[in-house]
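A closer look at the structure
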Amino acid sequence: MKKNLYATRQNIIIFIFLAIGVLFVGKLFYLQIINTSYKLSSQNNVLRYMTQFPARGKMFDRNGKVLVYNESAYDLMVTPKLVKQMDTLEFCRLLKIDRQAFYARFKKASTHSRHRASIFLEQVSKEDYAYIAEKLYHFPGFYFQARTLRKYPSPIAAHILGDVGEVNQKNIDNDHYYKSGDYIGKSGMERHYEEAVRGKKGLKIVMVDVYNRAKGSFENGRYDTLPVAGKDLVLGLDAALQLYGEELMHGKTGSVVAIDPSSGEIIALVTSPGYDPNLLVGRVRSSNYNKLLEQPEKPLINRAISGTYPPGSTFKLVNALVALHTGAITPSTQFSCQGKSSSPIKCTHSHQSPLPLAPAIENSCNSYFWNTFRCILNNHRHRSLKDAYEEWQTLMFSFGFGKPFNTDIPFELPGNVPTRDYFDKVYQGSWNAMTVRSLAIGQGEILLTPLQMANEVAIIGNKGFYYPPHLIRKIGDGDSIDPSFTTKHYTGIDPQHFEVVKNAMRDVFEGAHGTARYNKIEGIDAGGKTGTVQNPHGEDHSLFIAFAPFDVPKIAISVVVENAGYGSQWAAPIATLMMEKYLTGDVKRKELEEKILNKNFNEEANAEQQ
Amino acid sequence: MRNNNNLLANLDWPTVLIFLALTFMGWVSIYSAVFDEEYSSIFDLSQRYGKQMLWIVLAIVLAFIVMLTDAKFFSAFAFPIYFLILIVLVGVLLFGATIAGSKSWFQIGGFALQPSEFAKFGTALALAAYLGRLNADLSQLKTRLVAIGIIVLPALLILAQYDTGSAIVFTVFVLVMYREGMSGAIMIIALIAVVLFIATIYTQQVYVLIGLLVLFGVALLFIKRHIINIMKLIGLLLIAAAFVLSVDYVFHSVLEPHQTSRINVLLGLETDLKGAGYNVNQSKIAIGSGGFFGKGFLNGTQTKYNFVPEQSTDFIFCTVGEEYGFAGSLIVIGLYLTMLIRIITMAERQRSVFSRVYGYGVASILFFHFAINIGMTIGLVPVIGIPLPFFSYGGSSLWAFTIMLFVFLRLDAYRLNTL
Ligand SMILES: [Zn+2]
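All figures in this text were calculated on a predicted structure; none of them were measured in a lab. (Residues numbered from 1 in each chain as written. Chains lettered and ligands numbered in written order. Predicted model: local features only at pLDDT ≥ 70, side-chain atom pairs only at ≥ 80, totals over all residues. Heavy atoms only, no water.)

Section: the overall build of chain A
A count of helical and extended segments in chain A gives 21 helices and 18 strands. Expressed as a percentage of the 610 residues in chain A, the buried residues total 54%. Sequence separation of 24 or more characterises 70% of the internal contacts of chain A that already satisfy a separation of 6 or more. As displayed, chain A offers around 27300 Å² of accessible surface, 50% of which is attributable to carbon and sulfur atoms. (Helix = DSSP H or I, 4+ residues; strand = E, 2+ residues; numbered from the N terminus. Buried < 20%, exposed > 50% of the residue type's maximum accessible area, 1.4 Å probe, protein only. Contact = heavy atoms within 4.5 Å. Areas by Shrake-Rupley, 256 points an atom, 1.4 Å probe, with all protein chains shown as cover.)

Here's the deal with the coordination of the zinc ion
All names here are of chain A. Only C337 (SG), C347 (SG), H351 (NE2) and C365 (SG) from the protein coordinate the zinc ion, and they sit 2.0 to 2.4 Å from it. One can describe the site at the zinc ion as tetrahedral: its four donor atoms subtend angles covering 102 to 121 degrees at the metal. The sequence motif formed by the donor residues of the zinc ion is C-x9-C-x3-H-x13-C. An identical accessibility class is assigned to C347 and H351; each is buried. (Donors = N, O, S within 2.8 Å, 3.2 Å for Na, K, Ca; no water. Tetrahedral: all angles 85-135°; square planar, octahedral: opposite > 155°, others 65-115°.)

Quick look at the interface of chain A and chain B
Contact residues are listed per partner, giving 42 residues for chain A and 57 residues for chain B. Summing the contributions of chain A and of chain B, the shared interface buries around 4500 Å²; its carbon and sulfur component is 68%. For the pair chain A and chain B, the number of links is zero salt bridges. Mapped by element, the contributors of at least two residues to the side of chain A that touches chain B are α1 (9-34), β1 (46-52), α3 (99-112) and β8 (202-208) of chain A. No other element matches the 19 residues that α1(A) contributes to the side of chain A that touches chain B. (Buried area = accessible area lost by both parts, 1.4 Å probe. Salt bridge = Lys/Arg side-chain N within 4 Å of Asp/Glu carboxyl O.)

Considerations on the pattern of salt bridges
All names here are of chain A. Within the structure shown, the criterion is met by 29 salt bridges over all chains. A salt bridge links K96 to D128; the shortest N-O distance between them is 3.4 Å. Separated by 32 residues along the polypeptide, K96 in the loop between α2 (88-95) and α3 and D128 in helix α4 (residues 126-135) bring together distant segments of the chain. The exposure class of K96 is exposed, given its relative accessible area of 62%. Looking at D128, the relative accessible area reads 30%, which means it is partly exposed. Across the salt bridge formed by R420 and E390, the nearest N and O atoms sit 3.0 Å from each other. You can see R420 sitting in helix α16 (residues 420-426) and its partner E390 sitting in helix α15 (residues 385-398), a full 30 residues away along the chain.

A closer look at the sheet that holds strand β11 (residues 254-260) of chain A
Residues and elements named next belong to chain A. Taken together, the five strands give an open sheet; going across it, the order is β12-β11-β18-β17-β16, and neighbouring strands pair in antiparallel fashion. The two strands at the open ends of the sheet, each matched to only one other strand, are β12 (265-272) and β16 (527-533). Recorded for the sheet is a direction-independent mean angle of 5 degrees between the axes of neighbouring strands. The sheet contact formed by β11 and β12 spans seven bridges and is antiparallel. If you follow I259 over to β12, its bridge partner there is I266. (Pairing = 2+ DSSP bridges. Axes fitted to C-alpha atoms, helices over the stretch in contact; angles between N-to-C directions.)

With respect to the packing of helix α12 (residues 316-325) of chain A against helix α14 (residues 366-377) of chain A
Residue and element names in this part refer to chain A. Between α12 and α14, the shortest axis-to-axis distance is 10 Å and the interhelical angle comes to 40 degrees. By the angle class used here, α12 and α14 are oblique. When the axes of α12 and α14 are compared, the crossing they make is left-handed. Residues K316, N319, A320, V322 and A323 of α12 form the contact with α14, whose own contacting residues are N366, F369, T372, F373 and I376. Tallied by class, residues from the contact of α12 with α14 come to six nonpolar, three polar and one charged. (Parallel < 35°, antiparallel > 145°, perpendicular 65-115°, else oblique. Left-handed = near helix turned anticlockwise from the far one by under 90°. Nonpolar A, V, L, I, M, F, W, Y, C, P; charged D, E, K, R; others polar.)

Details of the pairing of strand β18 (residues 555-561) of chain A
Taken residue by residue, a regular strand's side chains alternate between the two faces of the sheet. Residues and elements named next belong to chain A. Along β18, seven of the seven residues are buried, which leaves the element largely enclosed by surrounding structure. Here β18 shows no split at all, with I555, I557, V559 and V561 on one side and A556, S558 and V560 on the other all buried. Pairing geometry for β11 and β18, over six bridges, is antiparallel. In the sheet register, V256 faces β18, and the bridge partner there is V559. When strand β17 (residues 541-548) meets β18, the two strands line up antiparallel, connected through seven bridges. Paired with A548 across the bridge in β18 is I555. The turn joining β17 and β18, which pair antiparallel and follow one another in sequence, is formed by six residues.

This is the structure we're talking about:
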């Protein structure tokens, strides 16, 4: 046994313990007995914790026009435990509700919590608020809390802007910032930029007396925190063009996507039928939402990003580029065409034969592109057709097909690029160019979203590169936007091959046989390509993709009009009217405009059914 | 059987009663803190209070098991237990789950276990076993270094899990080493260095330097004003100032921003920016509003509104302060102090150095948790998230503290047999 030399040190240690204990008791004595600011003069007085909701950030278009702003509203809150005997009748009269509604709401609040305040009546208007607030002191346990509601000066771009609604339990569990009754962006920009737009809640502690009257802030606001307003968003959208697009698409099913090829900013993103964003605001949100959900036209679906279509003839441009890149053809390669008796794919256009590449694009010759596709797959550089197909498939992905861009557009679908494995599975390994021939003319398994089509034409306008299409332009005072949005992407195609394809697109407007020759915009040099997509369920879909001005494009556009027939008939006029409007600020082709505005496929279809 | 009768007779019942009282009060406070009208039964297993009851029952079972274990087991297996815990700590770093920013949990089904809670127990055992050796002498540098190694190793592993609070607890072993003969000056210098380091990082260096000058002035009033004493004092002041300046320089100028940020996270500073100040304010309002007798069971409005975060765990003392007032707080503090002093007294009556050192280890760890946790809720100590022993919600900490305490009670009950 060792000597116990230091036994007296226990006293010092005990002293340290006691000293801390005394220090604590002293501090507690100060907090709980001496300092009266923590106690309230009467036992009935309470501290009311009022959340200070920040204003959500506003949204502007590329020209500084307001797209979304806020309007004040007031939630009537109740803390069931603090509610005293009261004149229910009078209270109901004040709020313009009946007694049943009163008891139902009160019961709901009580089940939620007796101690915690919850919303009794949501979004009381400013006028009602002023009137009710004056009398509220008769009714302890009730108080008003200021909120803001979204307002849309012009009822456009509902799908892009998105909507705001109450948080659900999942939101609360995922992010402790949210409390029951808070608002959160549910879709669109509201959802993607929620963290920037929501700001930061503040807290105000108010002393309230027995009569439910605020007695001023607690401790001169020492413990209050101020709300921080959300950041404003500037979008690449052009509000005027968006409105025009929505008007043109009225009565039609489909979409318009316009991109600025020099930045990837989306200038217009129209889906039709749409809805008025003001419908999904405030108290009426959930009932309106359910109504929209049940409509057979499905207005809630954003067809521009989650509609997937076979691209039809517009896809010939991409096949041409792949063929040039892989050496399957040269610009002067000619193929003959027997028109309607061509095999295995007949050609619907009558034209000279044989043709080299550029006129084949101008005439949209099916035979030419069947042969082109066959040459791509039977390329002797590859050991097998399937290897050649795999190269084709890789190049498709390099155009942004078959996968979402994953920028700030929620619910974007990937479309479909059928893979080698897929065909191996479907055809048990034995397939060839003939088997998958529909791909030659953009039919069959290949599916693109209108957004991908617009990006395709932006790539051609840019001669080989693109920026991922995105909506945001600026956050707050210039916080940097996601750098992946401004990263230049090159396709797998050698840029030198774009020249010939791009020039051929000009001939679609300018050429004597150009499929869009009747849609020329005076004074604007443009390139385009029509598409008419066979639709097993009805009339063909009308497609058009285009870009302008020709040399340095400022707008690349895709238009899809479902069940409308030829691409040149509906999609091309809409696309060119949009470009005319955007580039010149005005539309000179009034007659065409009138015709498009008045065309209502949906009504006609309904009329036929009746 | 004689042995077992002896055991019950020799068990230190006052400590057991305080343990039971604190555990029970903790349970009731947790009930109050997270009370939910929908599940108003305190036995509701879907709620924290129901779960805590389960943890308490299991803790008592663990206490029984410890009491039935041979007392010699703990000294004989001190190092194996210590190394086993080190291995588990490494394991948690590799395979653990991250909860509340700390990668310090083992997730087994819906249940999470935090090994760092048990590391304190293992370290106390190992330190006791080492200092219990005949050749151990803390006035020797070698002994000091080995002892520090035993303490620092688990602390570093816990620090690597971003569980700074639990890692800081290990500094309290300096008390044990002091009791066993380490120079008091070392303790004081270490303490001052830690305080200066943390103060420099938590506040601006100007304030720390002003604080040093004030301390210097105060010290001048108390010492005998010989020229030598004054020179020594000035020397100390200069060394301290140089330390502060270099910490500040290294922290702000030498380290890369991401390294600074990591240290901030380790010190709990970055989460602090998000609202620890808010927590403390809310906690002070809750406690302050309790007055002398408190608002009564389940009547705490501040705490009911969920305005004090982490209320059933780190800020559980708020509930006591609000619902039972100054009187209740006094009782709780009194119980802790009584238990601590009781353990020290018992440690001093041990015949083996192992039991004594271990007893001091237990007292020190409990003391540190008590001091930091309550100090934090009343705004005397920065927010360091460690639980209040026996009181806070959570199985891991309750079990670890129970095992730690009852191992000591087992050693104490056996003390007369050691001859
Ligand atoms: Zn043809």
